[in-house]
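Summary of the model geometry
Take a look at the letters that make up each chain.
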Amino acid sequence: MSNAKVLPLLEPTVEPCCPPLDERPLTAEEAERTARMFKALGDPVRLRLFSAVASHEGGEACVCDISDVGVSQPTVSHHLKKLKEAGLLSSERRGTWVYYRVEPAVLAAMGQLLTKASGA
């Protein structure tokens with residue numbers, strides 16, 4: 001008989017960047033945080049990389065699977081770094097490869113920002 005305990009899975013908690021835009025004006029801090037995210041996504045290559053990671057099977061992608069975006073490998077690395085700095089991606093090194101993922105809470109927070117406030 002095993003002594004292993006089954007632990008409940010905890011959903012990652014990421015604080016939303018800000019409320020829906022039609023709910024109230026953004027604070028200066030919320031505007032800064034949100035602008036960083038949208039600025040990072042304002043580049044077509046970064047948007048393609050973000051989309052490739054977000055839509056990849058299993059919710060994560062090896063850099064080797066997403067680097068065919070028409071720019072050199074060092075440029076891909078630069079853009080992935082900018083997406084990480086903006087809080088849009090997280091990464092994990094496994095051997096020689098780096099795997100990137102978009103946390104579901106980040107997508108939900110971005111979607112919430114552009115959605116009408118409930119009850120509006």
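This text follows the structure it describes.
Residues numbered from 1 in each chain as written. Predicted model: local features only at pLDDT ≥ 70, side-chain atom pairs only at ≥ 80, totals over all residues. Heavy atoms only, no water.

**Considerations on the overall build of the protein**
Across its full length, the protein holds five helices and three strands. Counting from the amino terminus, helix and strand elements in the protein follow one another as α-α-β-α-α-β-β-α. For the protein, with 120 residues in total, the buried portion stands at 29%. Carbon and sulfur atoms make up 57% of the accessible area of the protein, which totals about 8100 Å². (Helix = DSSP H or I, 4+ residues; strand = E, 2+ residues; numbered from the N terminus. Buried < 20%, exposed > 50% of the residue type's maximum accessible area, 1.4 Å probe, protein only. Areas by Shrake-Rupley, 256 points an atom, 1.4 Å probe, with all protein chains shown as cover.)

**Details of the sheet that holds strand E1 (residues 60-62)**
With respect to topology, three strands assemble into an open sheet ordered E1-E3-E2, the strand pairing being antiparallel. Two strands close off the open sheet at either side, each with one partner strand: E1 and strand E2 (90-94). Across the sheet, the mean angle from the axis of one strand to that of its neighbour is 25°, orientation sign disregarded. Relative to strand E3 (residues 97-101), E1 runs antiparallel, the two being bridged by three bridges. Bridge pairing links Glu 60 to Arg 101 in E3. (Pairing = 2+ DSSP bridges. Axes fitted to C-alpha atoms, helices over the stretch in contact; angles between N-to-C directions.)

**Focus on the packing of aromatic side chains**
Summed over all chains, the structure comprises zero aromatic pairs. When the ring centre of Tyr 99 is taken as reference, the NZ or CZ atom of Arg 94 above it lies at 4.3 Å. (Phe/Tyr/Trp six-rings, centres within 6.5 Å; stacked < 30°, edge-to-face > 60°. Lys NZ or Arg CZ within 6 Å of the ring centre and 35° of its normal.)

**Quick notes on helix H5 (residues 104-113)**
Taken residue by residue, H5 has Ala 105, Val 106, Ala 109, Met 110 and Leu 113 as its buried positions. Buried residues of H5, viewed axially, fall in a sector of 135°; they line one side. Elements in contact with the buried residues of H5: helix H1 (28-41). (Arc of directions from axis to C-beta. Contact = heavy atoms within 4.5 Å.)

**With respect to the pairing of E3**
Burial of the side chains of E3 is restricted to one face: Val 98 and Tyr 100 are buried, whereas none of Trp 97, Tyr 99 and Arg 101 on the reverse face is. Direction of pairing for E2 relative to E3: antiparallel, over a ladder of five bridges. Note that in E3 the partner of Arg 94 across the bridge is Trp 97.

**Topic: helix H4 (residues 73-85)**
Relative to the 18 Å expected for 13 residues at 1.5 Å per residue, H4 spans 18 Å between its end C-alpha atoms, a close match to the ideal helical length. For H4, the elements touching its buried residues are H1, helix H2 (44-55), helix H3 (63-66) and E3. Count one or two residues on from H4 and you reach Gly 87, which has phi positive near 80°. (Expected span 1.5 Å × (residues − 1).)

**Let's talk about a nonpolar patch on the surface**
Where nonpolar side chains cluster on the molecular surface, the patch consists of Leu 21, Phe 38 and Leu 114 and spans about 300 Å² of accessible area. For Phe 38, the location among the structural elements is in helix H1. (Patch = residues over 30% accessible without salt bridge, like charges linked within 9 Å, V, L, I, M, F, W, Y side chains within 5 Å. Salt bridge = Lys/Arg side-chain N within 4 Å of Asp/Glu carboxyl O.)

On their own, these measurements won't tell you what the molecule is for.
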